[in-house]
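Commentary on secondary and tertiary structure
So the chains spell out like this:
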Amino acid sequence: MTWVITRLCRDCVDQGCVEVCPVDCIYVYDGEDKSTFPNQLYIDPEECINCGVCEPECPWEAIFEDEQVPPVFTDDTGLNAKILDDKDSFSVPEVEEKPKPSPQQIEENKTKWGYSA
Ligand code: SF4
Ligand code: SF4
C-alpha cells in the first residue's frame, strides 16, 4: 500500500507535503521528459511508509491512499510508480512557502480535472 499524488497537484506544487513526510519520499522530476512527467510531485511507492501525514497538509486535496484514488485519477497511481523507472531524474524539492488556495480555487481545480467530491 502507498499514497498517491494525483493531477490535482499539477502546477500547484506548494510542497506542503514535502515538509511533513518523515521518510523524504516525495519527489520532483528534474529531467527533460516533461510530457511523461508533468509539473507535479510524485510519491515513491517503495519508500512510502503509508503514514498518511501528507494528506491533510495538501491544500489542493491532491493526495489519496492508493485504494481510495478516485477513478478519474486512476492513471496517476501508475504515474507515481513510474518514478522507479528513472529514479536518478527525481529529487526531494526545496520547500517554498506559497499562498494557500481559496476554497473556490480548490473547487475550480477539481472541476478542471473532471473530479467532483
Ligand atoms: S501539498 Fe499537495 S499540491 Fe502541494 S505539492 Fe504536495 S501534493 Fe502537490
Ligand atoms: S504517506 Fe507518509 S511516507 Fe507516504 S508520502 Fe505521505 S508522508 Fe510520506
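Bear in mind the structure is a predicted one, so any value in this text is a computation, not a measurement. (Residues numbered from 1 in each chain as written. Chains lettered and ligands numbered in written order. Predicted model: local features only at pLDDT ≥ 70, side-chain atom pairs only at ≥ 80, totals over all residues. Heavy atoms only, no water.)

1. Focus on the overall build of the chain
Counting its regular elements, the chain contains three helices and five strands. Listed N to C, the secondary structure of the chain is β-α-β-β-β-α-β-α in terms of helices and strands. A compact globule built from 117 residues should have a C-alpha radius of gyration of about 13 Å, and the chain, at 13 Å, falls within 12% of that. Summarising its shape, the C-alpha atoms of the chain cover approximately 35 × 30 × 30 Å along the three principal directions. Out of the 117 residues in the chain, the part that is buried amounts to 46%. Here the analysis covers contacts within the chain between residues at least 6 apart in sequence; of these, 84% occur between residues at least 24 apart. Carbon together with sulfur atoms contributes 47% to the accessible area of the chain, which is approximately 6400 Å² in total. Measuring between centres, the 9 positive side-chain charges of the chain sit 6 Å from its 26 negative side-chain charges. (Helix = DSSP H or I, 4+ residues; strand = E, 2+ residues; numbered from the N terminus. Rg over C-alpha atoms; globule rule 2.2 N^0.38 Å. Buried < 20%, exposed > 50% of the residue type's maximum accessible area, 1.4 Å probe, protein only. Contact = heavy atoms within 4.5 Å. Areas by Shrake-Rupley, 256 points an atom, 1.4 Å probe, with all protein chains shown as cover. Lys, Arg positive; Asp, Glu negative; His and termini not counted. Charge placed at Lys NZ, Arg CZ, Asp CG, Glu CD.)

2. Here's the deal with the pattern of salt bridges
Scanning the model with the defined rule gives eight salt bridges in all. Where Glu61 meets Lys110, a salt bridge forms, and the shortest distance between an N and an O atom there is 2.4 Å. Pair noted here: Glu61 is in the loop between strand S3 (41-43) and strand S4 (63-65) and Lys110 is in helix H3 (residues 103-112), with a separation of 49 residues, a long-range link. In this structure Lys110 comes out as buried when scored by relative accessible area, which is 4%. The partner of Asp85 in a salt bridge is Lys82, with the nearest N and O atoms 3.8 Å apart. When salt bridges with common partners are traced through the structure, they connect Arg7, Arg10 and Asp76 into a single cluster. (Salt bridge = Lys/Arg side-chain N within 4 Å of Asp/Glu carboxyl O.)

3. Here's the deal with the packing of aromatic side chains
Under the definition given, this model contains eight aromatic pairs. Here the aromatic rings of Phe37 and Tyr42 are separated by 5.7 Å at their centres, their planes lie at 85°, and the arrangement is edge-to-face. With respect to class, Phe37 is no different from Tyr42; both count as buried. On the basis of an interplanar angle of 80° and a centroid distance of 5.6 Å, the ring pair of Tyr42 and Phe90 is categorised as edge-to-face. Of this pair, Tyr42 sits in strand S3 while Phe90 sits in strand S5 (residues 90-91), and the two are 48 residues apart along the sequence. Using a relative accessible area of 0% as the deciding quantity, one classes Tyr42 as buried. Judged by relative accessible area, Phe90 falls into the buried class, the value being 7%. An aromatic cluster is present here, built from Tyr29, Phe37, Tyr42 and Phe90 joined pairwise through their rings. Just above the ring of Trp113 sits the side chain of Arg10; from NZ or CZ to the centre is 5.5 Å. (Phe/Tyr/Trp six-rings, centres within 6.5 Å; stacked < 30°, edge-to-face > 60°. Lys NZ or Arg CZ within 6 Å of the ring centre and 35° of its normal.)

4. Digging into the site of ligand 2
In the neighbourhood of ligand 2, 13 residues make up the surrounding shell, with Cys21, Cys48, Cys51, Gly52 and Cys54 lying closest. Among the residues forming the shell around ligand 2, the class breakdown is twelve nonpolar, one polar and no charged. (Near = heavy atom within 4 Å. Nonpolar A, V, L, I, M, F, W, Y, C, P; charged D, E, K, R; others polar.)

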